[in-house]
Each structure stands twice: as C-alpha cells, then as structure tokens.
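# Residue-level structural notes
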Amino acid sequence: MDHGHDFYAPQSFLTPDGRRIVIGWLDMWESPMPEQQDGWAGMLSLPREIRLGADNRLQMVPAEEVATLRGSYYPLLAQQLHNQRSHILDDAEAIELELVWSMKNATAESYGLALGDGLRIAVDTQAQRLTLERRYPQFALEGTRSVALPAGDRLSLRIFIDRSSVEVFVNDGEACLSSRIYPLEGQRELALFASNGRATLHCGGYWPLDK
C-alpha cells in the first residue's frame, strides 16, 4: 500500500457517504525511534481514501477533508533547472506542495525536491525510479525507498511535510511513499534541484498548513 520507510498496521473505515478511508502508523518496529526519549513513538498518517483505478489497481489519495488545513496558496513559476538549486522556503514546518515535472526532455541524472540535507524526493533518470531518500545519521536513520516512474511525459507529485514526517502521493494515488524525518533546527530549507543536467518544472505551488 505504501513504498516508504514507515507505514504500518493500517486501519480502515467507511464514511457516511461511502468512502473507504485508511490511516496507518508511521513507524516500523525494527527501526530506531529517537522520539521515545520524549515519551512517544511514531505518528498517524494522513487519512487516505482508497479506490480502484481503471486497471483495478489500488490507489490512495489524501481524504478531501485534508484540504481544510490549507492556508494561502503560493504558486511556483515554471522553470528549467540546470545543475542548480531553486529556493522555495527557509523554514518549511508544515506544508503541502503540488509539483508537476516534465520528464520528456530531462537530462539531469537526478532532480526533485530537497528539505535541508536530510530529505530528497527525486527522479533517478538512470534507474527510471522516483526515490525518497532520508539521511539522519545522528539518529541512525538512513536509506532510500523507490517506485518505478509512471508512464507518460508528466510526473505529478502531491507532497505533505511537517516537523517529523513526509508523505508523497504520485500521479493522483498511483503510488505513495511515507517516512519519518528528523531535521535539526535550521535545516528545513525547502528547494528544487537538478544534478548533472537539466530538468523542467512544468507547474507547481504550495500551501502552508495549519498546525
């Protein structure tokens, strides 16, 4: 159901209007839980609506009620990145982003979104996969999860980031990747990037979320 580092023991229920909603626990028993020193462990995912796509494959998207958390909308200009970072925010604590990348003429070996030095959500053009990489060695939490890139020229990502988690929804629910993150103070700069070549952001924007 989810290809990230942390999505465990999902529970589901039906809403009065017939939608099937799933909520999972973002933690895994075999991984370190540095938050235990504060008396808690893990967290619940966003509520997700599950449905069958046209090919009868399971799809998951955030429940429509999640949109009520949104603040003002900030558009991101279409842009081409060439071996560079494009700054979005200095301190992203609770945010929803929508990014649409054009994959047709991308030459970069890797391109996507970074949060500080610890989190990257990136297209690996050589492997033809979308990767979620977290690097928090001070907490013994490092590693990469990935899914195959969808067919077509466009890659649509809906990304939720807060102080200790990231949830990525690919092409309207074709795949999901969810993980816990542990950025330190002053390491929450949000930026687009392209490495070793060019990549094009077709369109995008973001909403700060109520905490």
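Residues numbered from 1 in each chain as written. Predicted model: local features only at pLDDT ≥ 70, side-chain atom pairs only at ≥ 80, totals over all residues. Heavy atoms only, no water.

## A look at the pairing of strand β9 (residues 119-124)
Here strand β8 (residues 110-115) pairs with β9 via six bridges, running antiparallel. Its bridge partner lying in β9, Leu113 is registered against Ile121. Here β8 hands over to β9 after three residues, with Gly116 in that stretch at a positive phi of 60 degrees. Between the end of β9 and the start of strand β10 (residues 129-136), which pair antiparallel, lie four residues, with Gln128 showing a positive phi angle near 55 degrees. (Pairing = 2+ DSSP bridges. Helix = DSSP H or I, 4+ residues; strand = E, 2+ residues; numbered from the N terminus.)

## Comments concerning the environment of Arg198
By the element assignment, Arg198 lies in strand β15 (residues 190-208). For Arg198, a relative accessible area of 37% translates into the label partly exposed. Remark: the alpha-carbon pair of Arg198 and Leu81, spanning 117 residues in sequence, is separated by 5.5 Å. Engagement of the side chain of Arg198 in a polar contact is seen with the side chain of Gln80, the distance being 3.2 Å. (Buried < 20%, exposed > 50% of the residue type's maximum accessible area, 1.4 Å probe, protein only. Polar contact = N/O pair within 3.5 Å; in protein donor to acceptor, adjacent residues only side chain to side chain.)

## Observations concerning the sheet that holds strand β1 (residues 8-14)
If you trace the four strands from one edge of the open sheet to the other, you get β1-β2-β3-β4, paired in antiparallel fashion. Pairing within the sheet leaves two strands with one partner each, and these edge strands are β1 and β4 (58-62). Between one strand axis and the next, the sheet turns by 35 degrees as a mean value, whatever way the strands run. (Axes fitted to C-alpha atoms, helices over the stretch in contact; angles between N-to-C directions.)

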